[in-house]
Amino acid sequence: MTTQAGDPTTIGSFAIQGRLGRGAMGSVYLARSPGGRLVAVKVVRDELADDARFRARFAREIEAARKVSGAFTAAVVDADPDAEHPWLATEYLPGPTLQRAIETSGPMTPAGVQALAGGLAEALVAIHRCGLVHRDLKPSNIVLTGNGPRVIDFGIARALEEVSLTATGLVIGTPGYLSPEQITGTAIGPPSDVFALGAVLVFAATGRGPFATGNPASLLHRIIHEQPQVPPLPSPLHDAVRRCLVQDPAHRPTPADLLHLLGSPANTGLLAPPADTIRLPPPPTKHLPQQPPPVQSKPQSQPAPAQPAGATFTTSRTRPAVFAALLTILTIGFFPSEETRRVMHPAVALFFLAFDVFLLYLAIRTWRLVLRRRVQLRLTPQGLTMIRGSQQASVPWQAVTRLRVTGDPRRPWLIAWLEPPFQSALPSPRRNHHGGTRLYPVGHGASHKHRTQQLEELRAALNWYAGPRHDNSHY
């Protein structure tokens, strides 16, 4: 654990020891208080610091977070929402996150999952009692300590959600742990945290979420339209997890209901895998002579963390090719030979000719779908990319004013309204729609089932990456 170029040496009264990570809010540092206490300091990124609404919401969330008991959460130590870069210092919790523990040691035993469920339910009781909703409960926001699980970063997601930013890469929440109401934009409350709790427990028991893996669009689609995959668990834990993951928030149990349903959990010490230690520099001393630093072996380089791949949609020519081949064979088969036409009644010959012309028309129209260039659309936190044949171009989200799926239900298009410099940059058909540009043919040539699925996944990805730029009011 080291600092990087540009990292501060002090924040408030805290001396920075090293960088712990970076998230949607900003950078997180390990620091020491003047008395030697270890804290985690979260420093807001520049674009958020410049937003007055974020600062106001951040200050309110800090005041609410101070009221939450530290028994199952990381207690707030200090904060300054009015600083040039607002910051929040919380108790540093030595121990691995649930995410890292499962990746390192594998899934938990049923007894461990039940202990985790009890500890997290009690944490949510404390958070909700103070009027907070976590909104981003996930394995990386849960720290396993020797005295049970502790929840971190509660309340911050709401401050992030309620600002309007043009910055790229700001994605609130984590696919696979979002509740259906968070995806659809309806009312968000304590039941959303309960849904996330159910997903976290499935991950703890299996190493996978209840909606499997994949790109964000597929995950969001499955959360809304499919049933969760809950592994066999002993009663009453199995019933509790299933009830947490129901679609209707009104039918989910409260955290207090879960505590009553689960009964007395096993010893929370069952949760602690081998300690995830972190090497810290010793606190400075004034009375001891300075010793030369010990010789250390050169650390192995660590791979850079994987960046989100985003969602990719590609037009398919397989189904049109099959239909085009069949129509071509039928066109040839129904064309009567000269000998057959001699013995045919003129009216019958005319019918066969007309039917053959109709088949030829369908075949030509279908072959056009087969011979057109393949189109690929990529949506990432940074913007959208279009690939059409050998042509490729990207547009950042700042240059996109509006996105909408519209057109014939059997041949819908994704329409984009772009800033002037980018209107002619994308390799798309030069056909406009009320000032917008046709970007991507959604499911053209596909079956109704596959076209509907691609539409739903595309809309989910647009909601996720494009945010308010996606006009989903009507299609």
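Owing to the predicted nature of the structure, the values given are computational and were not obtained by experimental measurement. (Residues numbered from 1 in each chain as written. Predicted model: local features only at pLDDT ≥ 70, side-chain atom pairs only at ≥ 80, totals over all residues. Heavy atoms only, no water.)

With that settled, the discussion passes to helix α2 (residues 52–66). In a regular helix each residue adds 1.5 Å, so 15 residues correspond to 21 Å; α2 covers 21 Å between its end C-alpha atoms and thus fits that length. The distance from a side-chain oxygen at the start of α2 to the backbone nitrogen of R53 is 2.9 Å, and the residue carrying that oxygen is D51. (Helix = DSSP H or I, 4+ residues; strand = E, 2+ residues; numbered from the N terminus. Expected span 1.5 Å × (residues − 1). Polar contact = N/O pair within 3.5 Å; in protein donor to acceptor, adjacent residues only side chain to side chain.)

Time to look at the pairing of strand β14 (residues 411–418). Counting buried positions along β14 gives seven out of eight residues, so the element sits mostly inside the fold. Here strand β13 (residues 400–408) runs beside β14; their pairing, made up of eight bridges, is antiparallel. Opposite T406, over in β14, you have W413 as the bridge partner. Adjacent in sequence and paired antiparallel, β13 and β14 are bridged by two residues. (Buried < 20%, exposed > 50% of the residue type's maximum accessible area, 1.4 Å probe, protein only. Pairing = 2+ DSSP bridges.)

Among the nonpolar cores identified, the biggest contains 89 residues, and L98, L116, L379, L384, L403 and L458 are the most heavily contacted of them. Examining the composition of this core, we find that eleven residues originate from one element, helix α7 (residues 190–206), more than from any other. Not counting chain neighbours up to four residues away, the residues in contact with L458 comprise F313, L377, L379, V405, L414 and V442. Within the second largest apolar cluster, eleven residues are counted, among which are F14, V41, A83 and W87. (Core = buried A, V, L, I, M, F, W, Y, C linked by side-chain atoms within 4.5 Å. Contact = heavy atoms within 4.5 Å.)

For any two helices packed against each other, the geometry is given by the interaxial angle and the distance between the axes. Running from N to C, helix α8 (residues 216–225) and helix α15 (residues 448–465) point in directions that differ by 110 degrees, and their axes come no closer than 8 Å. Classified by the interaxial angle, the pair formed by α8 and α15 is roughly perpendicular. When the axes of α8 and α15 are compared, the crossing they make is right-handed. Contact residues: P216, A217, S218, L220, H221 and H225 in α8; Q453, E456, E457, A460, A461, W464 and Y465 in α15. Per-class residue counts for the contact of α8 with α15 are seven nonpolar, four polar and two charged. (Axes fitted to C-alpha atoms, helices over the stretch in contact; angles between N-to-C directions. Parallel < 35°, antiparallel > 145°, perpendicular 65-115°, else oblique. Left-handed = near helix turned anticlockwise from the far one by under 90°. Nonpolar A, V, L, I, M, F, W, Y, C, P; charged D, E, K, R; others polar.)

We now examine unusual backbone geometry. Working note: non-glycine residues mostly have negative phi, and peptide bonds are mostly trans. Looking along the chain, the bond that leaves S235 and enters P236 is cis, with omega of 5 degrees. Mapped onto the fold, P236 is located in the loop between α8 and α9 (237–244).

These values are about where atoms sit, not about what they do.
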